[in-house]
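A closer look at the structure
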Amino acid sequence: MVCLVGCGFPQPARTSDARGDGGGGSAGDASLDGRADGAPDAPPDVAAGAVSVTLSTPAFLQLGSAAPFTAALVGAAGSSLSYSVTVVPAGAATVAPSTGTAALGSDGTLVLSATLTAGSAAEATMTVHVTGSVVGAGSAVVDVSAFQTFGARAAFADSGDSTLNGGRLLAVPLSVPSGARIIAFGIRATSAQNVRLGLYAASGSAPGALLLSSAVFTTNVGETVAFFDAAQTLPAASTFIGVLAADDLGIVIDQAPADAVSAFARNAVIGGPLPSPFGTATTFSQGPLHAFVIALSP
């Protein structure tokens, strides 16, 4: 169990993943790195001499990896403050920068940003508190764990570009055991497009019931990983992964003939839930594509 605890008085500066890798200053140019622009409007219920602190952190962080987090502060305009973030137990995680001084902007807001780096403690929960001479605190939880990937994420020896037609749900084999705690879906694409991915159980040799799906997300050119806010336990063993795009999507597939698998495709609408069961499909043979899920290691 790992806690990041903020102290309410100045201390000397101490520096050290998705589901990424990020002292004092004046208003508009401060850091854990702090910035006043883009911060939320001050709510009317923040008491004089107090500051509200809202943290934004990744839901999951892989052991040994790093990710940015921010703390949005709201209080009396121009208020000076100091902040400090420490890690308990020592070595479980580090924050950089960990201390500093700053002032709220003329609109009473400030956004502090820093990098959180996970240590080697598995299944850890991190809680972040930030306080200052303008009194306040905030916390957030980050699940720090070992990750495991199911599906084709690494580069193929014989890669090639292909197009998944918009409105076509394509399913290819992907085995994930029952009870796996899924935290993200991922895909490698050659174009930007709205997509939805899902895991299917088997119905004979074809995809059957839908077990778990992502929300709609937009691909980047290259790899895109969409994390859940909380781990989703797979209720049964998955045998297929399905990919649905709103419009034509460039995908990367394995072109080696020896690697061809049985693929299934049917029409579907991205605005609604993925079909369950998969239903009547066109069947053909093609290479696997870069579609995968990330789970917490058991």
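It should be noted that the structure appears before, not after, this text.
Residues numbered from 1 in each chain as written. Predicted model: local features only at pLDDT ≥ 70, side-chain atom pairs only at ≥ 80, totals over all residues. Heavy atoms only, no water.

Regarding the overall build of the protein chain
Within the protein chain, the regular secondary structure consists of 0 helices and 24 strands. The burial tally for the protein chain puts 50% of its 298 residues in the buried class. Within the structure as shown, the protein chain displays about 12400 Å² of accessible surface, and the carbon and sulfur contribution to it stands at 53%. (Helix = DSSP H or I, 4+ residues; strand = E, 2+ residues; numbered from the N terminus. Buried < 20%, exposed > 50% of the residue type's maximum accessible area, 1.4 Å probe, protein only. Areas by Shrake-Rupley, 256 points an atom, 1.4 Å probe, with all protein chains shown as cover.)

Quick look at the pattern of salt bridges
Counting across every chain of the model gives 2 salt bridges. Salt-bridge contacts for Glu 223 lead to Arg 153; the nearest nitrogen and oxygen are separated by 2.7 Å. In this pair, Glu 223 is assigned in strand β19 (residues 222-233) and Arg 153 in the loop between β12 (147-151) and β13 (159-164), connecting sequence segments 70 residues apart. Taking relative accessible area as the criterion, Glu 223 reaches 29% and is therefore assigned partly exposed. Arg 188 is paired through a salt bridge with Glu 223; the nearest N and O atoms lie 3.9 Å apart. Placement of Arg 188 in strand β15 (residues 181-189) and of Glu 223 in strand β19 is noted, with a sequence separation of 35 residues between them. Owing to a relative accessible area of 29%, Arg 188 belongs among the partly exposed residues under this scheme. (Salt bridge = Lys/Arg side-chain N within 4 Å of Asp/Glu carboxyl O.)

Considerations on unusual backbone geometry
Cis geometry marks the peptide bond from Ala 96 to Pro 97; its omega dihedral reads -10°. As for its placement among the helices and strands, Pro 97 is situated in the loop between β7 (93-96) and β8 (99-103). Note the cis peptide between Ser 276 and Pro 277, where omega equals 0°. With respect to the secondary-structure elements, Pro 277 resides in the loop between β22 (261-267) and β23 (282-286).

Notes on the packing of aromatic side chains
Per the stated rule, a full pass over the model turns up 4 aromatic pairs. On the basis of an interplanar angle of 90° and a centroid distance of 5.4 Å, the ring pair of Phe 240 and Phe 264 is categorised as edge-to-face. Of this pair, Phe 240 sits in strand β20 (residues 238-245) while Phe 264 sits in strand β22, and the two are 24 residues apart along the sequence. Per residue, the accessibility class of Phe 240 equals that of Phe 264, and both read buried. (Phe/Tyr/Trp six-rings, centres within 6.5 Å; stacked < 30°, edge-to-face > 60°.)

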